Amino acid sequence: METLKIIVNYVLDLGAAVFVPLIMLVIGMIVRMKFKDALSSAITLGVAFTGMMLVVGFMLDAISPAAKELAKLTGITLTAIDGGWTGMASISWAWPYAFLMFPLTVGINIIMLLLNLTKTLNVDMWNVWNKIFTAVMVSAISGSMIMGFIVAGIQVVLELKAGDAWGDHINKLTGIPGITVPHFITLLAVILYPLNRLMDLVPFLNKKMDADALKEKIGVFAENHIMGGIIGLLLGFAAGYGVSGSLGLAIKAAAAMTLFPMVSKLFMQALSPISDAVSEFMRKKFSGREVFIGLDWPVLAGRNELWVTAIILIPISILFAITLPGNKVLPFAGIINISFFVAAFLITGGNLLRMIIMGIITTPIFLYAATFFAPFITDLANSTGVVKVKEGTQLTWSTFEGPDFRYIFGLAAEGNIVFIALAIVWLGAFYWMYKGMIKKAKSYADSEAL
């Protein structure tokens, strides 16, 4: 058991920029790529991940302080401290049974592939922490560690099936073939999908409204650098930065928005040869069976609709935080809601207006989930010793990933009949969303065949 723990920790310490390319190199050799081609693709993928994380980090480092200053200007003090996703990941990995989630995740994926129950091979092992966090939260609510692992196992299955649904959409939206994003944050689509179907009934919301469509309508003002500059300038003024500070933030935001699509092209350069080789291998060995390589969400970060939506939602989140009755958390470390925008992007196909409307509607869910889970997160932090929370305060995460899933399934695991029924309804909604996205993806293929 101790040996397994050491191996798991060693692999995770390599980081996604090293571990994922190594996995892809192995996959390349299995599907009979030439070593030099597989090595080139693997290293290019490592460069792409490193470059994207640098740009994402640059964007977050530029925007987050301004967002936090905007939050401070409210003068509101709430008792639950927002530790963001990094804080949750740290205390999750410190859980004594965390290492067991690694073989559980891999084992479920292998079994489902062998039984042809999924076509997603998930190599995004860093985000195993998300399953650990679910297991801890469910264990704390239900009082049963077994139930924690069962719900985490359900989460693994749902992520893989969601990955099956997203693959063709991601290809259409990014141009990168053969990949998907089986990340937990995409499961928010269960809530967003019905909203999107309702929006289908509103003629104005059926107009194409992604970044490319905006360029046609408003010209240069929809260019990446101009859009980033305007948003950065407005956020700077709202945060009280003054002229100099706001101009500096405008240039940083413009730089990030310009660099995102440039770095994103590296993913296509790295993954296209591997995707072609995997497709050829599956055609020969398994009668043309399709396989998606599951990667972390930053492969989508080149699409500026994500960042425009996230920044626009910052003041809206703060407004909700100070006005919602019963809310105890002020968005701070998690103030840029990464937990929302990937699912919204995939469901809407990058429709900016729909994404923003969905963000406004669902923001209260995140804040109330953060408030509900604050005592459990605080207990985990104190018990692991990673963070010591001062008496009279609590630790939480304002943009809590999968707030609906963890809340409903946590209380269902406790044996609450109402929430068991809600869990069944949630799974039904997931199936509806899954079938709907698969059908929509098939329409892409049909239209291209014409």
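Just so we're clear, the structure is a prediction, and the values are computed from it rather than from any experiment.

Caption draft 1: Expanded view of the overall build of the chain. Across its full length, the chain carries 16 helices and five strands. In summary, the chain has a C-alpha radius of gyration of 22 Å against a globular reference of 22 Å for 450 residues, a match within 12%. Here the C-alpha coordinates of the chain stretch approximately 65 × 55 × 45 Å along the principal axes. For the chain, with 450 residues in total, the buried portion stands at 55%. Pairs at least 24 apart in sequence give 80% of the contacts found in the chain among residues at least 6 apart. Roughly 19,100 Å² of accessible area belongs to the chain as shown, and the carbon and sulfur atoms make up 68% of that amount. Charge centroids of the chain, computed over 31 positive and 27 negative side chains, lie 4 Å from each other.

Caption draft 2: Focus on the sheet that holds strand E4 (residues 292–294). With parallel pairing, three strands are arranged side by side in an open sheet as E2-E4-E3. A strand with exactly one partner marks an edge of an open sheet, and here the two such strands are strand E2 (120–122) and strand E3 (179–180).

Caption draft 3: Expanded view of helix H6 (residues 128–142). Between its first and last C-alpha atoms H6 spans 21 Å; for 15 residues at 1.5 Å apiece the expected length is 21 Å, and the two agree. With respect to burial, H6 is a largely interior element, 14 of its 15 residues being buried. Downstream of H6 by one or two residues, Gly143 has phi in the positive range, about 80°.

Caption draft 4: How the structure looks around helix H3 (residues 35–72). Spanning 38 residues, H3 covers 54 Å between terminal C-alpha atoms, matching the ideal 56 Å at 1.5 Å per step. Ile63 marks the point of greatest bend in H3, at about 25°, and the proline Pro65 comes within the next four residues.

Caption draft 5: Examining the packing of aromatic side chains more closely. Counted by the stated rule, this structure contains 24 aromatic pairs. When the ring of Trp95 is compared with that of Tyr97, the centres are 5.5 Å apart and the planes differ by 75°; the resulting orientation is edge-to-face. When its relative accessible area of 12% is taken as the criterion, Trp95 is described as buried. Its relative accessible area of 38% is what places Tyr97 among the partly exposed residues. Relative to Trp426, the ring of Phe409 has its centre 5.6 Å away and its plane inclined at 90°; by these criteria the two rings are edge-to-face. With Phe409 in helix H15 (residues 403–413) and Trp426 in helix H16 (residues 417–449), this pair connects stretches of sequence that are 17 residues apart. With respect to burial, Phe409 and Trp426 carry one shared label: buried.

Caption draft 6: Spotlight on the packing of helix H7 (residues 145–174) against H15. Interhelical geometry of H7 versus H15 gives an angle of 140° and a closest axis separation of 10 Å. Taken together, the axis directions place H7 and H15 in an arrangement best described as oblique. Viewed along their axes, H7 and H15 form a crossing whose handedness is right-handed. In this structure, H7 contributes Met147, Val151, Ile154, Gln155 and Leu158 to the contact, and H15 contributes Phe405, Phe409 and Ala413. Counted by class, the contact of H7 with H15 contains seven nonpolar, one polar and no charged residues.

Caption draft 7: Structural detail: the environment of Ser92. Mapped onto the fold, Ser92 is located in helix H4 (residues 84–93). Looking at Ser92, the relative accessible area reads 0%, which means it is buried. In the structure, Ser92 is positioned 44 residues away from Val136 in sequence and 7.7 Å away in space, judged by C-alpha atoms. Apart from residues lying up to four places away in sequence, Ser92 is in contact with Ala98, Trp129, Ile132 and Phe133.

Caption draft 8: Main features of the pattern of salt bridges. This structure, assessed with the given rule, holds seven salt bridges. Between Glu290 and Lys119 there is a salt bridge, with its nearest N and O atoms 3.1 Å apart. Separated by 171 residues along the polypeptide, Glu290 in the loop between helix H11 (242–285) and E4 and Lys119 in the loop between helix H5 (101–114) and E2 bring together distant segments of the chain. For Lys119, a relative accessible area of 24% corresponds to the partly exposed category. Salt bridges sharing common partners tie together Arg197, Asp200 and Arg354.

Caption draft 9: Looking closely at the environment of Ile251. Tracing the chain through its elements places Ile251 in helix H11. In sequence terms Ile251 and Ala62 are 189 residues apart; their C-alpha atoms lie 9.9 Å from each other.

Caption draft 10: Spotlight on the packing of helix H12 (residues 304–323) against helix H14 (residues 352–384). Between H12 and H14, whose axes approach to 9 Å, the crossing angle comes to 40°. What the angle tells us is that H12 and H14 run oblique. H14 is crossed by H12, and the crossing has right-handed handedness. Residues Glu305, Leu306, Val308, Thr309, Ile312, Leu313, Ile316, Ser317, Phe320 and Ala321 of H12 lie in contact with H14, whose contacting residues are Leu352, Met355, Ile356, Gly359, Ile360, Thr363, Pro364 and Leu367. Taken together, the residues of the contact of H12 with H14 break down into 13 nonpolar, four polar and one charged.

Caption draft 11: How the structure looks around the nonpolar core. Of all hydrophobic cores here, the largest spans 145 residues; its most connected members are Trp307 and Ile314. The leading source of residues in this core is H3, at 16 residues. Leaving out residues up to four positions away in the same chain, Ile314 has contacts with Ile63, Ala67, Leu70, Leu235, Ile335 and Ile336.

Caption draft 12: Geometry of the side chain of Gln155. By the secondary structure assignment, Gln155 is in helix H7. A polar contact of 2.5 Å, which involves the side chain of Gln155, links it to the side chain of Thr134. Among all residues touching Gln155, those that are not within four sequence positions of it are Asn130, Lys131, Thr134, Phe184 and Phe405.

Caption draft 13: Focus on the environment of Phe35. Tracing the chain through its elements places Phe35 in helix H3. With a relative accessible area of 48%, Phe35 lands in the partly exposed category. Note: C-alpha distance between Phe35 and Ile146 (111 residues apart in sequence) is 44 Å. Ignoring any residue separated from it by four or fewer positions in sequence, one finds Phe35 in contact with Leu25 and Met29.

Quick notes on the rules
Residues numbered from 1 in each chain as written. Predicted model: local features only at pLDDT ≥ 70, side-chain atom pairs only at ≥ 80, totals over all residues. Heavy atoms only, no water. Helix = DSSP H or I, 4+ residues; strand = E, 2+ residues; numbered from the N terminus. Rg over C-alpha atoms; globule rule 2.2 N^0.38 Å. Buried < 20%, exposed > 50% of the residue type's maximum accessible area, 1.4 Å probe, protein only. Contact = heavy atoms within 4.5 Å. Areas by Shrake-Rupley, 256 points an atom, 1.4 Å probe, with all protein chains shown as cover. Lys, Arg positive; Asp, Glu negative; His and termini not counted. Charge placed at Lys NZ, Arg CZ, Asp CG, Glu CD. Pairing = 2+ DSSP bridges. Expected span 1.5 Å × (residues − 1). Bend = angle between axes of the 7 residues up to and from the residue. Phe/Tyr/Trp six-rings, centres within 6.5 Å; stacked < 30°, edge-to-face > 60°. Axes fitted to C-alpha atoms, helices over the stretch in contact; angles between N-to-C directions. Parallel < 35°, antiparallel > 145°, perpendicular 65-115°, else oblique. Left-handed = near helix turned anticlockwise from the far one by under 90°. Nonpolar A, V, L, I, M, F, W, Y, C, P; charged D, E, K, R; others polar. Salt bridge = Lys/Arg side-chain N within 4 Å of Asp/Glu carboxyl O. Core = buried A, V, L, I, M, F, W, Y, C linked by side-chain atoms within 4.5 Å. Polar contact = N/O pair within 3.5 Å; in protein donor to acceptor, adjacent residues only side chain to side chain.

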